[in-house]
Amino acid sequence: MASDTPESLMALCTDFCLRNLDGTLGYLLDKETLRLHPDIFLPSEICDRLVNEYVELVNAACNFKPHESFFSLFSDPRSTRLTRIHLREDLVQDQDLEAIRKQDLVELYLTNCEKLSAKSLQTLRSFSHTLVSLSLFGCTNIFYEEENPGGCEDECLVNPTCQVLVKDFTFEGFSRLRFLNLGRMIDWVPVESLLRPLNSLAALDLSGIQTSDAAFLTQWKDSLVSLVLYNMDLSDDHIRVIVQLHKLRHLDISRDRLSSYYKFKLTREVLSLFVQKLGNLMSLDISGHMILENCSISKMEEESGQTSIEPSKSSIIPFRALKRPLQFLGLFENSLCRLTHIPAYKVSGDKNEEQVLNAIEAYTEHRPEITSRAINLLFDIARIERCNQLLRALKLVITALKCHKYDRNIQVTGSAALFYLTNSEYRSEQSVKLRRQVIQVVLNGMESYQEVTQYSLTLGTWPFLQSITPGCPPTSFSLPHVQRNCCLTLCNFSIPEELEFQYRRVNELLLSILNPTRQDESIQRIAVHLCNALVCQVDNDHKEAVGKMGFVVVCTGRLPPSS
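Cut-offs used in this document
- Residues numbered from 1 in each chain as written.
- Predicted model: local features only at pLDDT ≥ 70, side-chain atom pairs only at ≥ 80, totals over all residues.
- Heavy atoms only, no water.
- Buried < 20%, exposed > 50% of the residue type's maximum accessible area, 1.4 Å probe, protein only.
- Helix = DSSP H or I, 4+ residues; strand = E, 2+ residues; numbered from the N terminus.
- Contact = heavy atoms within 4.5 Å.
- Pairing = 2+ DSSP bridges.
- Axes fitted to C-alpha atoms, helices over the stretch in contact; angles between N-to-C directions.
- Core = buried A, V, L, I, M, F, W, Y, C linked by side-chain atoms within 4.5 Å.
- Parallel < 35°, antiparallel > 145°, perpendicular 65-115°, else oblique.
- Left-handed = near helix turned anticlockwise from the far one by under 90°.
- Nonpolar A, V, L, I, M, F, W, Y, C, P; charged D, E, K, R; others polar.

- Looking at an unreviewed UniProt entry, one finds the protein named Protein zer-1 and attributed to Saguinus oedipus.

In structure tokens form, the structure reads like this:
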């Protein structure tokens, strides 16, 4: 059973301070700008946690309101020290990075921060003398700057926002930089000239970036230990360059097999080259690739008995030459994952529960399109079979839902999976703490998707799992089903006992579902059931609070007119 260990004092204090900033750490200057109290000094361990937890609260807790000048608390390195921070989504803007430019950052992860512009490139230079690890994953506008007024007639035909691409920025002066993630940058960024000044890169992620000539990678052949080329359209020339990087321990050339057409096919010869030339390889991801038949032995030839990870018994012929099993092998949506003997301690794939959970774990942060399909598979496992790793499955789905709050595919598949993972069959294995985490992420989903619900649904009372067409944006048809799945999941809990810690929030969400202007009657029937259970079994104070919220008026408005 999962542990009910209470939160640490550090976690409780951090949460309290973040929810009461102007009453604890700082004060409001001119009723707008946050300033740190002059008698406070905070070391990096506390400052890093405050910033990272703040980002987590903004992105994962719908009832937490961000403060516009939060980052100004950390503007002075004499009273605050930041070293390792992870920022994500639209929370971060140019002025926020500018506010902390005097800090000696060692690690800066910026993920999907689409509001950052080329102004932030100049701010990054302030960290050049200390920065060791930098991620600009999904920051698609950071290489754009605003065009001069009146000078964008031609540009507007291509770029309606009248922005132009900055091509003269390089990482000159970033002498300590070892880890760099440029995943999902725009295609026109001149990657080769951008990276040329970096002499000792150890890890590089170029996910989604297309380059016909990868020869520039050989400048790090004696230092590069990790290379990610997810969704790069590969060729034989790319492979010839990759096998020269003899220090590689992690290589990811996986792709989303449904996003576009790739001519490149993985052959027995290519896999053999990886084994022969990359002797230090510990992790390899070839998910989504078309594999030619001559890479594996036939079912008839596979040795019977218990599965083995020993390279000598490998069902994948080129991997028989491995000196030792790989730590990780990515085979999601790859036919090789269905073989019996795979020489790796951890395999991502779609063959069984273990492989599916490994896939969700590996791809959640940066590949929501893959994660949603993996959760789809977990949904089928939980619905048809028995989930053997329940606690791990629940935690992974919760993490995915928090990480991608506005990704409709993940919200639909994740909320549907939660219904089956929290039913009575598994209740004894779940702690109070874990079930509360499920409730919170379910309520987040209901809040995020309560706006577009003008659809009549007659789909019974089972969680709805929208079929996902990769490459096509989900329609608003998916939105009411997130709420529907969330309401059904709440029915798996003891009401009102398990919902009491979020009592007012639950009732407000249910009242919004019962709004007369909405037409999705199947969701409203579930909401009425939940409302009834919440109101009838609580004390007078709760009943009075619900009455003041307009509960009786709304519910009576749902009654059919008398004949």
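**As for helix α8 (residues 268-277)**
Alright, step 1. Of the positions making up α8, those classed as buried are Val270, Leu271, Ser272, Phe274 and Val275.
Alright, step 2. In this structure, the buried residues of α8 make contact with α7 (236-242), β11 (250-252) and β12 (283-285).

**Here we look at the sheet that holds β11**
Alright, step 1. Here 10 strands make up an open sheet; going across it, the order is β3-β4-β5-β8-β9-β10-β11-β12-β13-β14 and the pairing parallel. Unpaired on one side and paired on the other, β3 (84-88) and β14 (344-348) mark the two borders of the sheet. The average undirected angle you get between the axes of adjacent strands in this sheet is 5°.
Alright, step 2. Relative to strand β13 (residues 326-330), β12 runs parallel, the two sharing three bridges. When the sheet's bridge partners are listed, Leu284 is paired in β13 with Leu329.

**A few points about the nonpolar core**
Alright, step 1. Counting 103 residues, the largest nonpolar core has Phe171 and Phe274 as its most contacted members.
Alright, step 2. Residue contributions to this core peak at seven residues, all from helix α2 (residues 44-60).
Alright, step 3. Ignoring anything within four residues of it in the chain, the contact list for Phe171 reads Leu134, Leu177, Leu180, Leu182, Leu194, Leu195, Pro197 and Leu198.
Alright, step 4. Counting 68 residues, the second largest nonpolar core, distinct from the first, contains Tyr363, Ala400, Ala416 and Val438.

**Things to note about the packing of helix α9 (residues 353-363) against helix α10 (residues 368-384)**
In a packed pair of helices, the relevant descriptors are the angle between the two axes and the axis-to-axis distance.
Alright, step 1. At a minimum axis distance of 9 Å, the contact between α9 and α10 shows a crossing angle of 150°. One element, α9, and the other, α10, form an angle in the roughly antiparallel class. As α9 packs across α10, the resulting crossing turns out to be left-handed. From α9, Glu353, Val356, Leu357, Ala359, Ile360 and Tyr363 reach across to α10, where they touch Pro368, Ile370, Thr371, Ala374, Ile375, Leu377, Leu378 and Ile381.
Alright, step 2. The residue makeup of the contact of α9 with α10, split by class, is 12 nonpolar, one polar and one charged.

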